[in-house]
Number of protein chains: 2
Amino acid sequence: MDEPVLLTGAAGRVGTAIREGIGEAHEFRLLDREPPTGPVDHELYVGDITDRELLEDAMEDVAVVIHLAGDPRTDAPWESVLRNNIDGTQTVFEVAVEQDVEKVVFASSNHAVGHYETERKPDIYRTEEEFRLDGTELPRPSNLYGVSKATGEILGRYYHDEYGISVLNVRIGNLTKEHPPRNYERGQAMWLSHRDCAHLFDRAIEAEYGYEIVYGISDNDRKYYSIERAREILAYDPQDNSAEYTFDGEPKTD
Amino acid sequence: MDEPVLLTGAAGRVGTAIREGIGEAHEFRLLDREPPTGPVDHELYVGDITDRELLEDAMEDVAVVIHLAGDPRTDAPWESVLRNNIDGTQTVFEVAVEQDVEKVVFASSNHAVGHYETERKPDIYRTEEEFRLDGTELPRPSNLYGVSKATGEILGRYYHDEYGISVLNVRIGNLTKEHPPRNYERGQAMWLSHRDCAHLFDRAIEAEYGYEIVYGISDNDRKYYSIERAREILAYDPQDNSAEYTFDGEPKTD
C-alpha cells in the first residue's frame with residue numbers, strides 16, 4: 001500500500017505486533033492517547049479517539065484505517081466502553097467516510113461471541129469438538145466489552161451499506177508473543193501468534209472486500225473459530241499452531 | 001399477569017397503542033419524560049430513561065418491563081441515540097437484573113435491518129417476492145437509529161446469557177391506527193395495526209421464552225418479514241392485513 005495507513009491504538013498489544021511485524025512495509029501513521037514507548041519512526045498523533053479534529057488530521061490522504069483504539073479491558077465498566085469503544089468507533093467511521101478512506105479494519109474480539117462457549121465448555125476447546133463459529137452467527141457477548149465490539153461491527157455494517165466504505169472486522173483471539181498461553185486451553189484454541197497477527201493485518205491492508213467478519217487466530221489444531229473466510233477473502237496463510245507447543249507453552253521436540 | 005408491568009416510553013406511539021388496547025388487562029406502571037396527555041389510570045413515573053434511581057423505583061416488584069423509551073426519530077443524531085437509546089437501554093437491563101424482573105420486551109425496529117431492502121426494492125415490497133427476514137439474520141441498519149436498536153438487541157443477548165433474564169426483541173413495522181399507510185408500499189408491507197400491536201405485546205407479557213427476535217407486523221399479504229416465530233413462541237394471532245385496504249387506505253368493498 002503506497003498511501004498512508006492509520007493505526008489507532010498504536011501503542012497497544014495488537015498495535016505493537018503490527019508495528020514490529022510490518023512496520024516497514026507500509027507508511028504508517030500512529031494514533032494513541034499515549035505515544036508508544038521507545039523510538040518511533042512514524043508520524044504520531046496523540047489524543048483521544050473521540051477527538052474529531054484530531055481524527056480529521058490523522059486521516060487526511062489515508063487509504064486504510066486499522067482501528068484498534070478502545071478500552072481493552074474485558075471487565076471495563078459500561079461508561080468506558082460506551083465512550084471509548086462505541087462512541088470512539090462511530091467517530092472513526094464518520095471521519096473515515098468524510099475523508100474518503102477506502103477501508104476500515106476494525107479490531108473486534110472473541111468476546112463479541114464469548115457466550116457461545118458457556119454450555120459447550122470445556123469440550124469446545126478441544127481437538128475432537130467439531131463446533132465452529134465462522135462469523136455468520138449473531139453475536140453473543142460475554143461482557144460489556146464484548147457488547148461494545150459487537151456494536152462496532154454493526155456500525156461498520158451501517159457505514160459500509162450507506163457509504164460503500166470497505167469494512168473488515170477481525171475477531172481477534174488470544175494474542176501472545178513467543179508461545180501460546182500456558183495452561184489455558186481456551187487461550188490455546190484461540191491463539192494468535194505475533195507473526196500471524198502482523199501477516200493478517202498486512203493482508204487486511206492489501207486485499208479487496210466489501211463487508212466481512214473474520215476470526216483472527218493462528219492455524220491451531222484445537223480451534224472453534226473457522227479461519228476459512230480469512231483464507232478465502234484475504235489469502236490469510238497462518239504459520240503457527242498452538243498444538244506445536246506443550247500445554248506448558250514449551251515447543252514440542254518430537 | 002398479576003404483577004405490575006412497567007411501560008417505558010408510555011406516552012409514545014407504541015405505548016399509546018398498548019394502553020388503549022390492553023390498558024385494563026394488566027397492572028401497568030407508566031414511565032416517560034412527559035406524562036401522556038389525557039386522564040391516566042396508572043401509576044406514573046416521570047423522568048429520563050438513564051435515571052437509574054427512577055428506574056429502580058419504577059421496577060420494584062415488577063415482573064415485566066416493556067421498554068419503548070428512546071429517541072424514535074429515524075434521522076436522530078448519533079449523540080441522541082447514543083444516550084437515549086443505547087445508554088438508556090443498558091440502564092434498563094442493568095436495573096431489571098438488579099430488581100429481579102422476569103422479562104424485558106424491547107421495542108426494536110425494522111430500521112435495524114433496513115439495508116436488506118436496498119438492492120431488492122421495490123420488488124421486496126410486493127406479494128410475488130418470496131424473500132423473508134425471520135430474525136436469524138445479522139443486522140443491517142439503515143440509519144444510526146437502526147444501529148442503536150440493533151445494539152439494544154445485543155445488550156439483551158448479553159443480559160439474557162449472563163443473568164438468565166428473558167428477553168424478547170420486537171422489530172416493529174409501521175404502526176398506524178385505522179388503516180395502513182396510504183400510497184406507501186413499504187409501509188403497507190410492514191403494517192402493524194393498533195389492535196395487532198396491543199395483542200402482540202399482550203402475548204409478550206404472558207408467553208414464556210428465553211431470548212428471541214421477532215417481527216411485529218400484521219398478517220399482510222405483502223410482507224418480507226416472517227411472523228412465524230412470533231406465532232410459534234408467543235401464539236401471536238394477528239387479525240389485520242393491509243391487502244384488505246386499497247392502495248389509498250380505504251377498506252376494500254368487494
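Thresholds applied
- Residues numbered from 1 in each chain as written.
- Chains lettered and ligands numbered in written order.
- Predicted model: local features only at pLDDT ≥ 70, side-chain atom pairs only at ≥ 80, totals over all residues.
- Heavy atoms only, no water.
- UniProt positions renumbered as here; feature names shortened; annotations may be inferred.
- Helix = DSSP H or I, 4+ residues; strand = E, 2+ residues; numbered from the N terminus.
- Rg over C-alpha atoms; globule rule 2.2 N^0.38 Å.
- Buried < 20%, exposed > 50% of the residue type's maximum accessible area, 1.4 Å probe, protein only.
- Contact = heavy atoms within 4.5 Å.
- Areas by Shrake-Rupley, 256 points an atom, 1.4 Å probe, with all protein chains shown as cover.
- Axes fitted to C-alpha atoms, helices over the stretch in contact; angles between N-to-C directions.
- Parallel < 35°, antiparallel > 145°, perpendicular 65-115°, else oblique.
- Left-handed = near helix turned anticlockwise from the far one by under 90°.
- 1 Å grid on protein atoms, 1.4 Å probe; cavity = no way out; pocket = protein on both sides within 12 Å on 5 of 7 lines; lining within 4 Å.
- Points joined across faces, edges and corners; volume = space filled by probe spheres on them.
- Phe/Tyr/Trp six-rings, centres within 6.5 Å; stacked < 30°, edge-to-face > 60°.
- Least-squares fit on C-alpha atoms with pLDDT ≥ 70 in both.
- Pairing = 2+ DSSP bridges.
- Core = buried A, V, L, I, M, F, W, Y, C linked by side-chain atoms within 4.5 Å.
- Expected span 1.5 Å × (residues − 1).
- Bend = angle between axes of the 7 residues up to and from the residue.

For chain A, the name recorded in an unreviewed UniProt entry is NAD-dependent glucose-6-phosphate dehydrogenase, with Halodesulfurarchaeum formicicum as its organism. Per its UniProt entry, chain A bears the Catalytic activity (unreviewed entry) comment "D-glucose 6-phosphate + NAD(+) = 6-phospho-D-glucono-1,5-lactone + NADH + H(+)". Per UniProt, chain A has the following entry under Pathway (unreviewed entry): "Carbohydrate degradation; pentose phosphate pathway."

Novice: Tell me what's going on with the overall build of chain A, and back it up with residues and numbers.
Specialist: Helix and strand content of chain A: 7 helices and 9 strands. Taking 2.2 N^0.38 as the reference for a compact globule, 254 residues should give roughly 18 Å; the C-alpha atoms of chain A span a radius of gyration of 17 Å, in line with that estimate. Across the 254 residues that make up chain A, the buried fraction comes to 63%. Pairs at least 24 residues apart make up 68% of the contacts formed inside chain A by residues separated by at least 6 positions. Accessible surface, chain A as shown: approximately 10300 Å² in total, 41% of it carbon and sulfur.

Novice: Run through the packing of helix α4 (residues 144-163) of chain A against helix α4 (residues 144-163) of chain B, naming residues and quoting values.
Specialist: Running from N to C, α4(A) and α4(B) point in directions that differ by 150°, and their axes come no closer than 9 Å. For the element pair α4(A) / α4(B), the angle class is roughly antiparallel. Where α4(A) crosses over α4(B), the two elements pack in a sense that is right-handed. Of the residues in α4(B), those touching α4(A) at Leu144(A), Val147(A), Ala150(A), Thr151(A), Ile154(A), Leu155(A), Tyr158(A) and Tyr159(A) are Leu144(B), Val147(B), Ala150(B), Thr151(B), Ile154(B), Leu155(B), Tyr158(B) and Tyr159(B).

Novice: Any chance you could break down empty space enclosed by the protein for me, citing the residues and the numbers?
Specialist: Evaluation of the coordinates by the stated rule reveals 1 cavity of 30 Å³ or more. Here the largest cavity is characterised by a volume of approximately 70 Å³. The wall of the largest cavity is formed by Pro139(A), Glu153(A), Ile154(A), Arg157(A), Tyr211(A), Ile213(A), Leu138(B) and Pro139(B). Those elements that place two or more of their residues in the lining of the largest cavity are α4 and β9 (211-216) of chain A. Among the elements that make up the lining of the largest cavity, the one with the highest residue count is α4(A) (3 residues).

Novice: Break down the packing of aromatic side chains for me, citing the residues and quoting the values.
Specialist: Residues and elements named next belong to chain A. For the structure shown, the criterion picks out 16 aromatic pairs over all chains. Seen from their ring centres, Tyr 159 and Tyr 163 are 5.8 Å apart, and the 20° between their planes marks the pair as stacked. A residue pair is termed a helical-turn pair when its members lie 3 or 4 positions apart in one helix, as Tyr 159 and Tyr 163 do in helix α4 at 4 residues. Through a chain of ring-to-ring contacts, the aromatic side chains of Phe 93, Tyr 158, Tyr 159 and Tyr 163 assemble into a single cluster.

Novice: I'd love a proper account of the relation of the copies chain A and chain B, names of residues and values included.
Specialist: When chain A is fitted to chain B, the residual RMSD is 0.0 Å, and the transformation amounts to a turn of 180° plus an axial shift of 0.0 Å. This pairing of chains is accounted for by a two-fold axis. Comparing interface residues between copies, 100% of those in chain A also lie at the interface in chain B; the contact surface is shared.

Novice: Let's hear about the environment of Arg33(B): which residues, and what values?
Specialist: Residues and elements named next belong to chain B. Along the chain, Arg 33 turns up in the loop between β2 (28-32) and β3 (43-46). Once the C-alpha coordinates of Arg 33 and Gly 9 are considered, the two residues, 24 residues apart in sequence, prove to be 7.6 Å apart. When near neighbours in sequence (up to four residues on either side) are disregarded, Arg 33 contacts Val 46, Gly 47, Asp 48 and Asn 84.

Novice: Report on the UniProt feature "active site" (unreviewed entry) in chain A, specifying residues and quantitative values.
Specialist: All names here are of chain A. Mapped onto the present numbering, the UniProt feature "active site" (unreviewed entry) falls at Tyr 145. Its place among the elements puts Tyr 145 in helix α4. Residue contacts for Tyr 145: discarding those within four places in its chain leaves Asp 71, Pro 72, Arg 73, Thr 74, Val 81, Asn 85, Ser 109 and His 111.

Novice: Let's hear about the sheet that holds strand β4 (residues 64-67) of chain B: which residues, and what values?
Specialist: Residue and element names in this part refer to chain B. Read across the open sheet, the 7 strands follow the order β3-β2-β1-β4-β5-β6-β9; overall the sheet is parallel. Looking at which strands have only one partner, the edges of the open sheet turn out to be β3 and β9 (211-216). If you compare each strand with its neighbour and ignore which way they point, the axes differ by 20° on average. Across 4 bridges, the pairing between strand β1 (residues 5-8) and β2 is parallel.

Novice: Could you give me a rundown of the side chain of Arg140(B), with the residues and numbers involved?
Specialist: Relative to the helices and strands, Arg140(B) is located in the loop between β5 (103-109) and α4. You can call Arg140(B) buried: its relative accessible area is 13%. Sequence-distant contacts of Arg140(B), that is, excluding residues within four places in its chain, are made with Arg157(A), Asp161(A), His111(B), Ala112(B), Val113(B), Gly114(B), His115(B) and Tyr116(B).

Novice: Can you explain the nonpolar core? Please cite residues and give values.
Specialist: Met59(A), Trp78(A), Met59(B) and Trp78(B) are the most contacted members of the largest nonpolar core, which has 70 residues in total. Only α2 (52-58), α3 (78-98), α4 and β9 of chain A together with α2 (52-58), α3 (78-98), α4 and β9 of chain B provide two or more residues apiece to this core. The residues contacting Trp78(B), other than those within four sequence positions of it, are Ile86(A), Asp87(A), Gln90(A), Leu155(A), Ile86(B), Leu144(B) and Val147(B).

Novice: Can you lay out α3(B) for me, pointing to particular residues and giving the numbers?
Specialist: Residues and elements named next belong to chain B. In this model α3 runs 28 Å from its N-terminal to its C-terminal C-alpha over 21 residues, within 8% of the 30 Å that 1.5 Å per residue would give. Along its length, α3 shows its largest kink, about 30°, at Gly 88. Burial of α3 is extensive: 16 of the 21 residues sit out of reach of the surface. Remark: Asp 100 follows α3 within two positions and exhibits a positive phi of approximately 60°.

Novice: Go over the UniProt feature "binding site: NAD(+)" (unreviewed entry) in chain A with me, naming the residues and quoting the values.
Specialist: Residues and elements named next belong to chain A. Sites flagged by UniProt as "binding site: NAD(+)" (unreviewed entry) map to Asn 84, Ser 109, Tyr 145 and Lys 149. Looking at the secondary structure, you find Asn 84 in helix α3. On the basis of relative accessible area, Asn 84 is assigned to the buried category, the value being 9%. With sequence-adjacent residues up to four places away left out, Asn 84 is seen in contact with Arg 33, Asp 48, Ile 49, Gly 70, Asp 71 and Thr 89.

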